[in-house]
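Chain by chain, the residues run as shown.
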Amino acid sequence: IDPTHRIWMSDIPQYMPKVELGEVMRASTVGVVEESKDPNFAVGCHVFGFGGCADYYVGIPGANVMYKAGETGTDLPLTADLSVCSVTIGLTAWHGTNKILDPGPNDIVVISGAAGAVGSLVG
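Residues numbered from 1 in each chain as written. Predicted model: local features only at pLDDT ≥ 70, side-chain atom pairs only at ≥ 80, totals over all residues. Heavy atoms only, no water.

### Some details on the environment of Val65
Inspection of the secondary structure assignment puts Val65 in strand β3 (residues 65–68). You can call Val65 buried: its relative accessible area is 7%. Expressed as a C-alpha distance, the spacing of Val65 and Val30, which sit 35 residues apart in the sequence, is 9.4 Å. For Val65, the residues in contact, after removing those within four places along its chain, are Phe41, Val47, Phe48, Gly49, Tyr57, Gly59 and Ile60. (Helix = DSSP H or I, 4+ residues; strand = E, 2+ residues; numbered from the N terminus. Buried < 20%, exposed > 50% of the residue type's maximum accessible area, 1.4 Å probe, protein only. Contact = heavy atoms within 4.5 Å.)

### Some words on unusual backbone geometry
One non-glycine residue, Asp102, adopts positive backbone phi at about 50°. Among the secondary structure elements, Asp102 is positioned in the loop between α2 (87–101) and α3 (117–122).

### What to know about a nonpolar patch on the surface
Residues Leu76, Val84 and Leu121 make up a contiguous nonpolar surface patch of about 220 Å² in total accessible area. Relative to the elements of secondary structure, Val84 occurs in the loop between β3 and α2. Taking the relative accessible area as the measure of exposure, Val84 reaches 44% and is therefore partly exposed. (Patch = residues over 30% accessible without salt bridge, like charges linked within 9 Å, V, L, I, M, F, W, Y side chains within 5 Å. Areas by Shrake-Rupley, 256 points an atom, 1.4 Å probe, with all protein chains shown as cover. Salt bridge = Lys/Arg side-chain N within 4 Å of Asp/Glu carboxyl O.)

### A closer look at the state of the cysteines
Counted by the stated rule, this structure contains 0 disulfides. Lacking any disulfide linkage, Cys45 is separated from the closest cysteine sulfur, that of Cys85, by 17 Å. Residue classification places Cys45 among the buried residues on the basis of a relative accessible area of 16%. (Disulfide = S-S within 2.5 Å.)

### A word on the environment of Glu20
Here Glu20 is to be found in the loop between α1 (3–8) and β1 (29–32). Residue classification places Glu20 among the partly exposed residues on the basis of a relative accessible area of 41%. Once the C-alpha coordinates of Glu20 and Met9 are considered, the two residues, 11 residues apart in sequence, prove to be 6.5 Å apart.

### Observations regarding the pairing of strand β2 (residues 46–49)
Pairing of β1 with β2, which is carried by 4 bridges, proceeds in the antiparallel orientation. Paired with Gly31 across the strands is Val47, a residue of β2. Where β2 meets β3, 3 bridges bridge the pair, whose relative direction is antiparallel. Looking at the pairing, Val47 lines up with Lys68 of β3. (Pairing = 2+ DSSP bridges.)

### Brief notes about the pattern of salt bridges
For the structure shown, the criterion picks out 1 salt bridge. With a shortest N-O distance of 2.8 Å, Asp11 and Lys18 are connected by a salt bridge. Of the residues examined, Asp11 reaches a relative accessible area of 69% and is grouped as exposed.

### What to know about the sheet that holds β1
One open sheet accounts for 3 strands, arranged β1-β2-β3; its pairing is antiparallel. The open sheet terminates on both sides in strands that have one partner only, identified here as β1 and β3. Across the sheet, the axes of successive neighbouring strands diverge by a mean angle of 35°, strand direction being ignored. (Axes fitted to C-alpha atoms, helices over the stretch in contact; angles between N-to-C directions.)

### Observations regarding the side chain of Ser86
On the secondary structure map, Ser86 appears in the loop between β3 and α2. A distance of 2.9 Å separates a polar atom in the side chain of Ser86 from the backbone nitrogen of Ile89. The residues touching Ser86, leaving out its near neighbours within four places in the chain, are Ala80, Asp81 and Leu91. (Polar contact = N/O pair within 3.5 Å; in protein donor to acceptor, adjacent residues only side chain to side chain.)

Below, the structure written as structure tokens:
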């Protein structure tokens, strides 16, 4: 479990509602379309969305289904959409390092893997 998930399950004041016991844990997902009424998401295509930790979910394009997964223009695996190519992890890691931290050529940077998925990717 990522450190963010622990916060989401706690009573600590935070930016999103608490995930209660028995609720689906929120998470980014890559899934396969099983049934579709949207011509942009045909049966069998892979999608990136916010389905949570569940076997199935009803995807709504633009709400909890964001785009077709695996279409990065590279040979990266589908899991890249959940890590290096994701907005929540990959872009956050890149932006935090390059735009906020902005280390110089002689700077030494130490980032703990305990920082979660983003910290692990940066480090």
